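# Breakdown of the fold
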Number of protein chains: 4
Amino acid sequence: MTTATKLSGVIPPVCTPLTPEYEVDTASLTRLVDHLLDGGVDGLFVLGSSSEVAFLPDGHRKVVLDTVLGHVAGRVPVLAGVIDMTTPRVLDHVRVAAEAGADGLVATAPFYTRTHPAEIALHFRKIAEAGLPLYAYDLPVAVHSKLGSDLVLELAAEGVLAGLKDSSGNDAGLREVILGRRDRAVPSFSVLTGSELTVDSALAMGADGVVPGLGNVDPHGYVRLFRAASAGDWAAARTEQERLFRLFGLVNAGGPHMGRGSSALGAFKAALHLRGVIDHPTTALPQIPLGDEEIAVVGKYLAEAALL
Amino acid sequence: MTTATKLSGVIPPVCTPLTPEYEVDTASLTRLVDHLLDGGVDGLFVLGSSSEVAFLPDGHRKVVLDTVLGHVAGRVPVLAGVIDMTTPRVLDHVRVAAEAGADGLVATAPFYTRTHPAEIALHFRKIAEAGLPLYAYDLPVAVHSKLGSDLVLELAAEGVLAGLKDSSGNDAGLREVILGRRDRAVPSFSVLTGSELTVDSALAMGADGVVPGLGNVDPHGYVRLFRAASAGDWAAARTEQERLFRLFGLVNAGGPHMGRGSSALGAFKAALHLRGVIDHPTTALPQIPLGDEEIAVVGKYLAEAALL
Amino acid sequence: MTTATKLSGVIPPVCTPLTPEYEVDTASLTRLVDHLLDGGVDGLFVLGSSSEVAFLPDGHRKVVLDTVLGHVAGRVPVLAGVIDMTTPRVLDHVRVAAEAGADGLVATAPFYTRTHPAEIALHFRKIAEAGLPLYAYDLPVAVHSKLGSDLVLELAAEGVLAGLKDSSGNDAGLREVILGRRDRAVPSFSVLTGSELTVDSALAMGADGVVPGLGNVDPHGYVRLFRAASAGDWAAARTEQERLFRLFGLVNAGGPHMGRGSSALGAFKAALHLRGVIDHPTTALPQIPLGDEEIAVVGKYLAEAALL
Amino acid sequence: MTTATKLSGVIPPVCTPLTPEYEVDTASLTRLVDHLLDGGVDGLFVLGSSSEVAFLPDGHRKVVLDTVLGHVAGRVPVLAGVIDMTTPRVLDHVRVAAEAGADGLVATAPFYTRTHPAEIALHFRKIAEAGLPLYAYDLPVAVHSKLGSDLVLELAAEGVLAGLKDSSGNDAGLREVILGRRDRAVPSFSVLTGSELTVDSALAMGADGVVPGLGNVDPHGYVRLFRAASAGDWAAARTEQERLFRLFGLVNAGGPHMGRGSSALGAFKAALHLRGVIDHPTTALPQIPLGDEEIAVVGKYLAEAALL
């Protein structure tokens, strides 16, 4: 592992704009990156769940990496998701991400297969051999196992993991890692929350930053929230978080005829389209797209948040 | 969908032998295919869960397809698993499998993402556009959703699905599909069970065949079981099934320091190695390999089953 | 444990008729018992899940026990469910059931609490001290843990358990117990399936009997099924099972505005009411009752099965 | 519902001391109440999960109610858990609690049965008819369903619920209720967290109080935490919470030969015994008791926390 600077602040998982023909819309992607940088974010995370990584063929993943890394050109660190079922498949993605110049990697535990902690540990050790800072991605809703705090801290102490992106929604577990980091003397280990609705809590506990899907829609809001918390102004942080909490309601714009993932990702993209950032609200197959009335609901949320 | 002959009988999911360097061991793979054909199987299923498909990079998947399809040369139908998270990624695998000459495709519902029945249906419809017979693979333990009988039967009636491989372990659901097939007049729809321990039950209900992981180790046994059931000799079928049930105990040879998947796949490969079919018992990373004592336990099961 | 005769055959879980004021309708209950005995059943199981035991206050449970045991008067064995969260609470029910003269007890693993196999074993050992034949009730959908085959067989060998009622829907696990019973030389251990849709399969594997909720509605059908299987006429058994499978469709008569339990129990009671066996289709609170149109759907199923 | 004062502050769920013969140890229970009141708690919750309510027969439940209510004599409000599977059984407990003089009731959604939101709502409405302030208890780990925020807020607006005890560990859901309470103008609705490791977060969000199992062991600590938060001294609140977080490690004193519930409840009682508050560390059957070495581990945690 290279001795990277500890990652902190707001690092949104970047949505992947698509054309109506389901190709990566690189022009829109570039504008989205500008929109996020303009918001003051501290880094970018491409090829995460909010990027529809599960839907992107390998060719599209490479286009995203090349587009974003080329455009950012080192202004902020760019982490690359290397999401796949098990180690050998992940290692293929690692090679592509390293060649593209990613500043760090984000990997989940194995999924589809039934895993064991010893196998999860071996998985991360093998990925870390690539030499890039490696962030463990804890997302039980997708991976169907929870990363244990002990495992994470052991791999942190070994230098295998540079950080954790905790999207488990379990704030007691988040605190366990934060306190354990202190005990094990791995202060450089970066703890990031993916729970975009309790960012003030996570920062108050000592988390270093946040990876908010909703940050695509309102990066300025999350940056204000982070800055207020960093300044110790918890009242302002809470007010901003509550505003973002209400804005987050747009993820339910899609009706019961679609999955909750389709509704949320469709709403993020509809919001970016309505805000003029991306050209099309298209989501990848087999997701059901939002209809006109559902997009209008998204617009209402934006209007209420003064984002139109 | 082409008008394929209805698939029936014993169609084992073919293990993928690996070298100690984790490359596909094509010589062993060819011998394994011969071993299965010698056992009298009615078809082969490559790139399924027992094939460690979740661990095989795309390059290895292609080697497996080319090796097996080249060697079988049309003697029995060969189905190809196209296992990946969502439609666009699966379609990449479909193209490769079609070019390699696969006789049919096996696909699960989307995973990693949160799905909706309408999205699962769209997923299968898009895959079926390739024109190859498509078999739905119901494997809740890996995919974390269960294919509803209504959905399966609707897609069967539409001609989207040629069959079902039901590895859900839910025999009431299996019966629902078998009876529903009669009601909806889709008799050509093939119902295969992946529950290798209750094959006699499934066949007695009217299932057409079985896809048994353990069939790698003892294809002759599953063929005898199928033939006894086909002849209406249920007592003989039960006796054979009970023998295979006991042999199946080898999947627990691996101790609590590994995952249950590692134990089962490691035991299958150790058994094939002990039986002289494949050169190495190597399993893919990050699976923990069986130790010598654990392999000896596998040997004991084989000896008791007179397979050594 | 007393040396009871091994339990076998059809032992329906007896519904608990209620008055519109939610009191136990003892007259209807007596008629229901007569209806079941007339069907030729081999035993009765009161205070099980299909009896709405989870809804019955202790006072009602006692009325049920006294009514049924008094009316049956030893003609067939009557098992009593002693369903509660943990051992001390179950023991209170055991005392009442023993005083009422129950011929056997049916208990689940502890629930609401997080259990451990050693605690489940201790739980059954304490209950067995009452001296009545004890049947373990494996119902993961309610209890949220699965009884391991090893645990069940160990308790069988110890003489703690007289039998198992397996409502897990896992027929491979059922077979494991049946084969293990042979290996451990506890032939008197009774294995009963609660999976009313695969009774022919279970009996073909060697199960001793069935505890079918649907047996309230059509006891004659289940008795025919059992007798056909006992005579080795598997074709007739399958035909009867398929007829009962289709009849079982009535459990979905209740729409999406109620729970699946309310729909199934409401449908059983509506069917008994339509067949003239019980006076009211009332189900306990807080279950949503079936509406008139939903009851008409139940009637349609009965008509198709020639049960009206 | 009576117009109760809104409940806030520290309301520990009171452990139920037992004699070695598994009877309620009323002398120890009285001392435990004194210990808690001495700590400055704002109320008491008897017959909750930490009280081993799932293990207490009805007779014991009544002894607990009479002992605590008699001894407290109105000095602080005492809530009574009425934990049982469904409405009719819960209503029996409600009558006993009301007669004993409880100041409020705490009930979960139905469990063991499969529930539907409409049935959960009806359940709470029926319980509320008793006229005592009713607190919904959201404990998915035991009840296996999650109370939806919309459902809770609707019942709050109707006057059915006086408050929520949220032990779901889902702080985004907690925030949703807190913000929804403001929107629906039900400010008197009391939101209490049962997540004893993130109390500072919950209070910062606007929760009114906490129901900490660990508060049995160290009530003074939780009172200090609550007071620091109430005074807006978030740094002090966090320091106290982190100390309590480390103390909470004692719940894992019990080894892998027992359930996690046995370990936690056994550790709480061992700690109370070591601190001289209760006479015996006995836990109810079928829980496995802590051994001497495991109790010594609990002692070490107490020593480190300066509680010995």
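Presented here is an overview of the structure given in this document. All values reported here derive from a predicted model rather than from experimental measurement. (Residues numbered from 1 in each chain as written. Chains lettered and ligands numbered in written order. Predicted model: local features only at pLDDT ≥ 70, side-chain atom pairs only at ≥ 80, totals over all residues. Heavy atoms only, no water.)

## Things to note about the interface of chain B and chain C
- Tallying the contact residues gives 20 residues for chain B and 20 residues for chain C.
- The contact between chain B and chain C buries some 1900 Å² in all, and 48% of this surface belongs to carbon and sulfur atoms.
- The tally of links between chain B and chain C comes to six salt bridges.
- Residue R175(B) pairs with D200(C) through a salt bridge whose shortest N-O separation is 2.7 Å.
- Linking chain B to chain C there are twelve residue pairs in polar contact (both at pLDDT 80 or more).
- Per element, the largest residue contribution to the side of chain B that touches chain C is seven residues, and it comes from helix α7 (residues 171-183) of chain B. (Contact = heavy atoms within 4.5 Å. Buried area = accessible area lost by both parts, 1.4 Å probe. Salt bridge = Lys/Arg side-chain N within 4 Å of Asp/Glu carboxyl O. Polar contact = N/O pair within 3.5 Å; in protein donor to acceptor, adjacent residues only side chain to side chain. Helix = DSSP H or I, 4+ residues; strand = E, 2+ residues; numbered from the N terminus.)

## Brief notes about the relation of the copies chain B and chain C
- Between chain B and chain C, which share one sequence, the superposing operator has a rotation angle of 180 degrees and an axial displacement of 0.0 Å; the RMSD is 0.0 Å. When the rotation and shift are considered jointly, the pair of chain copies conforms to a two-fold rotation axis. Closest approach to the rotation axis among the C-alpha atoms of chain B is made by S201(B), whose C-alpha sits 2.6 Å away.
- Of the interface residues in chain B, 100% have counterparts in chain C that sit at the interface too, so the contact is made through matching surfaces. (Least-squares fit on C-alpha atoms with pLDDT ≥ 70 in both.)

## Considering the interface of chain B and chain A
- Taken together, the contact between chain B and chain A spans 46 residues of the former and 46 residues of the latter.
- The contact between chain B and chain A buries some 3700 Å² in all, and 63% of this surface belongs to carbon and sulfur atoms.
- As a salt-bridge pair, D84(A) and R89(B) come within 3.2 Å of each other at their nearest N and O atoms.
- Elements with a contribution of two residues or more to the side of chain B that touches chain A: α2 (58-72), α3 (87-100), α4 (117-128), α5 (140-143) and α11 (260-274) of chain B.
- Counted by class, the side of chain B that touches chain A contains 23 nonpolar, 14 polar and nine charged residues. (Nonpolar A, V, L, I, M, F, W, Y, C, P; charged D, E, K, R; others polar.)

## Examining the pairing of strand β3 (residues 78-81) of chain D
Residue and element names in this part refer to chain D.
- Neither face of β3 is open: one carries V78 and A80, the other L79 and G81, and all of them are buried.
- When β3 meets strand β4 (residues 104-107), the two strands line up parallel, connected through three bridges. Bridge pairing in β4 links G81 to V106.
- Once the chain exits β3 it traverses helix α3 (residues 87-100) before rejoining the sheet at β4, and the crossover so formed is right-handed. (Buried < 20%, exposed > 50% of the residue type's maximum accessible area, 1.4 Å probe, protein only. Pairing = 2+ DSSP bridges. Right-handed = clockwise from strand over helix to strand, strands pointing away.)

## Points about the pattern of salt bridges
- Counting across every chain of the model gives 80 salt bridges over all chains.
- Across the pair D138(A) and K146(A) runs a salt bridge whose closest N-O atoms are separated by 2.5 Å.
- With a relative accessible area of 2%, D138(A) lands in the buried category.
- Taking the shortest distance from any N to any O, the salt bridge between R89(D) and D58(C) comes out at 2.9 Å. Here the residue R89(D) occupies a position in helix α3, and D58(C) occupies one in helix α2 (residues 58-72), the pair thus bridging two chains.
- Shared partners join several salt bridges into a network, and the residues in it are D58(A), D84(A), R89(A), D58(B), D84(B) and R89(B).

## Thoughts on the packing of helix α9 (residues 219-230) of chain D against helix α10 (residues 234-247) of chain D
Residues and elements named next belong to chain D.
- Between α9 and α10, whose axes approach to 7 Å, the crossing angle comes to 160 degrees. By the angle between their axes, α9 is roughly antiparallel relative to α10. Considering how the two elements wind past one another, α9 and α10 form a crossing that is left-handed. On the side of α9, the interface is formed by G221, Y222, R224, L225, A228 and A229, while α10 contributes W234, A236, A237, E240, Q241, R243 and L244.
- The class makeup of the residues in the contact of α9 with α10 is eight nonpolar, two polar and three charged. (Axes fitted to C-alpha atoms, helices over the stretch in contact; angles between N-to-C directions. Parallel < 35°, antiparallel > 145°, perpendicular 65-115°, else oblique. Left-handed = near helix turned anticlockwise from the far one by under 90°.)

## Describing the arrangement of the chains
- With no contact formed, the shortest span from any C-alpha in chain A to any C-alpha in chain C equals 13 Å.
- Contact between chain B and chain D is absent, and the minimum C-alpha spacing across the pair is 13 Å.

## A closer look at the sheet that holds strand β6 (residues 163-166) of chain D
Residue and element names in this part refer to chain D.
- Strand order in the open sheet formed by eight strands is β1-β8-β7-β6-β5-β4-β3-β2, and the pairing between neighbours is parallel. Edge positions in the sheet fall to β1 (9-10) and β2 (44-46), since each of these pairs with one other strand and no more.
- Note that β1 and strand β8 (residues 209-210) share two bridges and pair parallel. Bridging across to β8, G9 finds its partner in G209.
- The strands that helix α2 (residues 58-72) touches are β2 and β3; relative to β2, the one it contacts most, it runs at about 160 degrees.

## Side note on the relation of the copies chain B and chain A
- Overlaying chain B with chain A gives an RMSD of 0.0 Å, the required rotation being 180 degrees about an axis along which the chain moves by 0.0 Å.
- Here 100% of the interface residues in chain B have copies in chain A that are interface residues too; the copies meet face to matching face.

Honestly, that's just the spatial picture; any functional story needs more than this.
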